[in-house]
Protein chains: 2
Amino acid sequence: MNQPIGVIDSGVGGLTVAREIMRQLPKEKIVYLGDNQRCPYGPRPVEEVRSYTWQMIRYLLKHHSIKMLVIACNTATAAAYEQIKKELNIPVIGVIRPGARSALKVSRSYHIGVIGTFGTIKSNAYQQALLDINNESVINSLACPEFVPLVEANNFSSPEAYQTVAERLNILKSDAQMDTLILGCTHYPILRPLIQKAMGSAIKLIDSGEETALEVSTVLYHKNLTRKDRSQPVHQFYTTGSAQMMEAIGGQLLGYKPEVRTVRIDME
Amino acid sequence: MNQPIGVIDSGVGGLTVAREIMRQLPKEKIVYLGDNQRCPYGPRPVEEVRSYTWQMIRYLLKHHSIKMLVIACNTATAAAYEQIKKELNIPVIGVIRPGARSALKVSRSYHIGVIGTFGTIKSNAYQQALLDINNESVINSLACPEFVPLVEANNFSSPEAYQTVAERLNILKSDAQMDTLILGCTHYPILRPLIQKAMGSAIKLIDSGEETALEVSTVLYHKNLTRKDRSQPVHQFYTTGSAQMMEAIGGQLLGYKPEVRTVRIDME
């Protein structure tokens, strides 16, 4: 029960999920691993994404005996979640189901929008999760390939950034009954003010990271896995790429500068 | 997996929770049992509440082989949840933890208000659940014994009803940092518009029923218990009291008139 929660991502985007877990569950300890060297996963074939994801998992199981795995990456969740959930004997949480579940809680029209990277939208994973729970939901999916570059260029408050976001989201406005929009990419919460402005205040935005942390809380509790150790948890951060880069971005996202170590996982 | 979810309550209040489960999980089947004959549980000694709650559980286990138990009653959850969770070998969801969890998700100040019946507030169960997850949360609890009678008298839109609600909630306003209020009684969502108006639009209201249904969704999924049968579920309703009364109130709350049967459970 005092073991850490493992959080994996193709890079630094999953730090928004880790941050939410730290905020909602301040007693839990996290081990974060980002595969920055091979990031982004989006354009890679599904089999390659699966193989890289398994390398991260084997690394965390071997070196950190994690009690739960969080796949904080929409692309990896879409490609490998079902398989990983079946094979591991610890609970596995992806970022897709929690967002779908929460959208079906807050929506009243069950007309739900989903935005994400091209890979996530193409996988249809949100659509499947939503229909699996409520087969009368109406889903409008839209890939927004322009959004991640805005975040990575630190350009998320300029008028040009707003223009890019607003133009893209205009496509979703054809469904006047839509009342809920899932931010299906870990980078998008950073664009939240622009997205809310572009969609209008009546549209409820679902932050997958927030909902994933809530699901982590629920599952830890019902599987009797909450941490009992009363000491302040010390989180650990690993990357397959530049430790310095993750320290810099982590400092911005987490509110404190994490100490990051570079590791090799391609032998796992 | 195709067995029903059992939902128990001291009376009809838990129908608001059942309604949320039906709304969020339209494929799941529910068996509802209300102990109207011995309602309300609020003023009874804890041992009596436990004993009555166990009678309801034994009835559902014996006659309906439920796959999950939802205790849709704050008083029974406060009195007996931990014990029941330990002793049953099916998942047990109460109404207190889901509300606490969700409050810690939406709050930014972690100053959280809780309103409930006298029994629920006195039990300190919300306080314990909140502090168990985040021991820096600041909790303001207030019993609102005037609220349930308003609902039961169908008096929830008059100026007098608003006055009663506003006067009582005024006590909570001394904590200017409070940003979230948990509606810790299954009757309160019906008063939601009055409560929101009295507290101001900046206060986020947590509906324990909505959050409980979300937790049901999460736990069913992670314990591989979701219903696979594609037929439309037919819910069942039982009461220890007047079937006619539950049919009337059920019709208002559920949007369709349920068929209710009266049963004896005191021999269980």
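So, how was this worked out
Residues numbered from 1 in each chain as written. Chains lettered and ligands numbered in written order. Predicted model: local features only at pLDDT ≥ 70, side-chain atom pairs only at ≥ 80, totals over all residues. Heavy atoms only, no water. Helix = DSSP H or I, 4+ residues; strand = E, 2+ residues; numbered from the N terminus. Rg over C-alpha atoms; globule rule 2.2 N^0.38 Å. Buried < 20%, exposed > 50% of the residue type's maximum accessible area, 1.4 Å probe, protein only. Least-squares fit on C-alpha atoms with pLDDT ≥ 70 in both. Contact = heavy atoms within 4.5 Å. UniProt positions renumbered as here; feature names shortened; annotations may be inferred. Salt bridge = Lys/Arg side-chain N within 4 Å of Asp/Glu carboxyl O. Pairing = 2+ DSSP bridges. Axes fitted to C-alpha atoms, helices over the stretch in contact; angles between N-to-C directions.

Caption draft 1: Structural detail: the overall build of chain A. The secondary structure content of chain A amounts to 11 helices and 10 strands. Rg of the C-alpha trace for chain A: 18 Å, near the compact-globule value of 18 Å for 268 residues, within the 12% margin. Its C-alpha atoms put chain A at 50 × 40 × 40 Å along the principal axes. When each of the 268 residues of chain A is scored for burial, the buried share is 60%.

Caption draft 2: Focus on the relation of the copies chain A and chain B. When chain A is brought onto chain B, the operation consists of a screw motion whose angular component is 180 degrees and whose axial shift is 0.0 Å, with 0.0 Å RMSD remaining. What we have between these two chains is a two-fold relation. Taking C-alpha positions as reference, the residue of chain A nearest the rotation axis is valine 219 of chain A, located at 3.4 Å. Both copies share a contact surface, since 100% of the interface residues of chain A are interface residues in chain B too.

Caption draft 3: Representation of the UniProt feature "active site" (unreviewed entry) in chain A in the model. Residue and element names in this part refer to chain A. With numbering aligned to this structure, UniProt lists the feature "active site" (unreviewed entry) at Cys73 and Cys185. Maximum C-alpha separation among the annotated residues is 7.5 Å over a sequence range of 113 residues, consistent with a single clustered spot. Not counting residues up to four positions away in its chain, the partners in contact with cysteine 73 are Ile8, Asp9, Ser10 and Val95. Exposure remark for cysteine 185: the relative accessible area of 6% places this residue in the buried category.

Caption draft 4: Region of the structure containing the UniProt feature "binding site: substrate" (unreviewed entry) in chain A. All names here are of chain A. This chain's UniProt record puts "binding site: substrate" (unreviewed entry) on Asp9, Ser10, Tyr41, Gly42, Asn74, Thr75, Thr186 and His187. For this annotated set, covering 179 residues, all C-alpha atoms fall within 13.8 Å of each other, a compact arrangement in space. By the element assignment, aspartate 9 lies in strand 1 (residues 5-9). Aspartate 9 sits in the buried class, given a relative accessible area of 3%.

Caption draft 5: Region of the structure containing the pattern of salt bridges. Residue and element names in this part refer to chain B. Across all of its chains, the model carries 24 salt bridges over all chains by this definition. For arginine 38, the salt bridge identified is with aspartate 35, shortest N-O distance 2.9 Å. Each member of the pair, arginine 38 as well as aspartate 35, carries the same accessibility label: buried.

Caption draft 6: Quick look at unusual backbone geometry. The omega angle of the peptide bond from cysteine 39 of chain A to proline 40 of chain A is 0 degrees, so this bond is cis rather than trans. Note on placement: proline 40 of chain A falls in the loop between strand 2 (30-34) and helix 2 (46-64). Its identity is not glycine, yet serine 65 of chain A carries a phi of approximately 30 degrees, on the positive side. Assignment of secondary structure puts serine 65 of chain A in the loop between helix 2 and strand 3 (68-71). Among the residues examined, serine 65 of chain A registers a relative accessible area of 43% and is labelled partly exposed. In this model, asparagine 224 of chain B sits at a positive phi of 55 degrees, which is unusual for a non-glycine residue. With respect to the secondary-structure elements, asparagine 224 of chain B resides in the loop between helix 10 (208-222) and strand 9 (236-239).

Caption draft 7: Spatial organisation of the sheet that holds strand 5 (residues 111-116) of chain A. All names here are of chain A. As summarised here, the arrangement of the 4 strands in space is 6-5-7-8, forming an open sheet in which the pairing is parallel. Two strands close off the open sheet at either side, each with one partner strand: strand 6 (138-143) and strand 8 (204-207). Averaged over all pairs of adjacent strands, the angle between strand axes in this sheet comes to 20 degrees, irrespective of strand direction. As judged from the 4 bridges shared by strand 5 and strand 7 (residues 180-183), these two strands associate in the parallel manner. Within strand 7, the residue paired with isoleucine 112 across the bridge is threonine 180. The strands touched by helix 9 (residues 192-199) within the sheet are strand 5, strand 7 and strand 8, with strand 8 carrying the most contacts at an inclination of about 155 degrees.

Caption draft 8: Summary view of the environment of leucine 69 of chain A. Residue and element names in this part refer to chain A. As for its position among the elements, leucine 69 is in strand 3. Each C-alpha atom, one on leucine 69 and one on isoleucine 5, is 6.1 Å from the other, the two residues being 64 residues apart in sequence. If sequence neighbours within four positions are ignored, leucine 69 has contacts with Gly6, Ile8, Ile57, Leu60, Ile84, Leu88, Ile90, Pro91, Val92 and Ile93.

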